[in-house]
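Understanding the architecture of this molecule
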Amino acid sequence: VSSIVRLTICLEYLQVLYHPTAVCDRCMTRITGVWYRCAYCSRDLCEVCEEMDTHNRMHVFVVFKSPVDMHLLRYVSLRYIECHA
């Protein structure tokens, strides 16, 4: 499979990817495609708003390119903090 075909499949996948629990904090719409979440302040941004946002550039964003179970992610994060405190 050529790299162009792989890129096309990836872009098609991201266009239909829907994050049911994520709302962009800038445009206030449900996030589809790539989801950016600030690791410091939990700000959620869609792909379009991430390019325009003036968020603190010292903050790091986690980028989700597949569906995310936020309940599981929170649980794992809290367990990690408990174990490393």
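See above for the structure.
Quick summary incoming for the structure in this document. As the structure is a prediction and not an experimental result, all values here were calculated from the model.

**Things to note about a nonpolar patch on the surface**
Together, L72, Y75 and V76 make up an exposed nonpolar region whose accessible area comes to about 320 Å². The topology assignment puts Y75 in helix α3 (residues 70-83).

**Some remarks on the pairing of strand β3 (residues 35-38)**
Residues W35 and R37 line one face of β3 and the alternating positions Y36 and C38 line the opposite face, and both faces are buried. Pairing of β3 with strand β4 (residues 44-46), which is carried by 3 bridges, proceeds in the antiparallel orientation. Directly across from R37, in β4, lies its bridge partner D44. The antiparallel pairing of β3 with β4 creates a hairpin that spans 5 residues between the two strands, and S42 there sits at a positive phi of about 60°.

Criteria and cut-off values
- Residues numbered from 1 in each chain as written.
- Predicted model: local features only at pLDDT ≥ 70, side-chain atom pairs only at ≥ 80, totals over all residues.
- Heavy atoms only, no water.
- Patch = residues over 30% accessible without salt bridge, like charges linked within 9 Å, V, L, I, M, F, W, Y side chains within 5 Å.
- Areas by Shrake-Rupley, 256 points an atom, 1.4 Å probe, with all protein chains shown as cover.
- Salt bridge = Lys/Arg side-chain N within 4 Å of Asp/Glu carboxyl O.
- Helix = DSSP H or I, 4+ residues; strand = E, 2+ residues; numbered from the N terminus.
- Buried < 20%, exposed > 50% of the residue type's maximum accessible area, 1.4 Å probe, protein only.
- Pairing = 2+ DSSP bridges.

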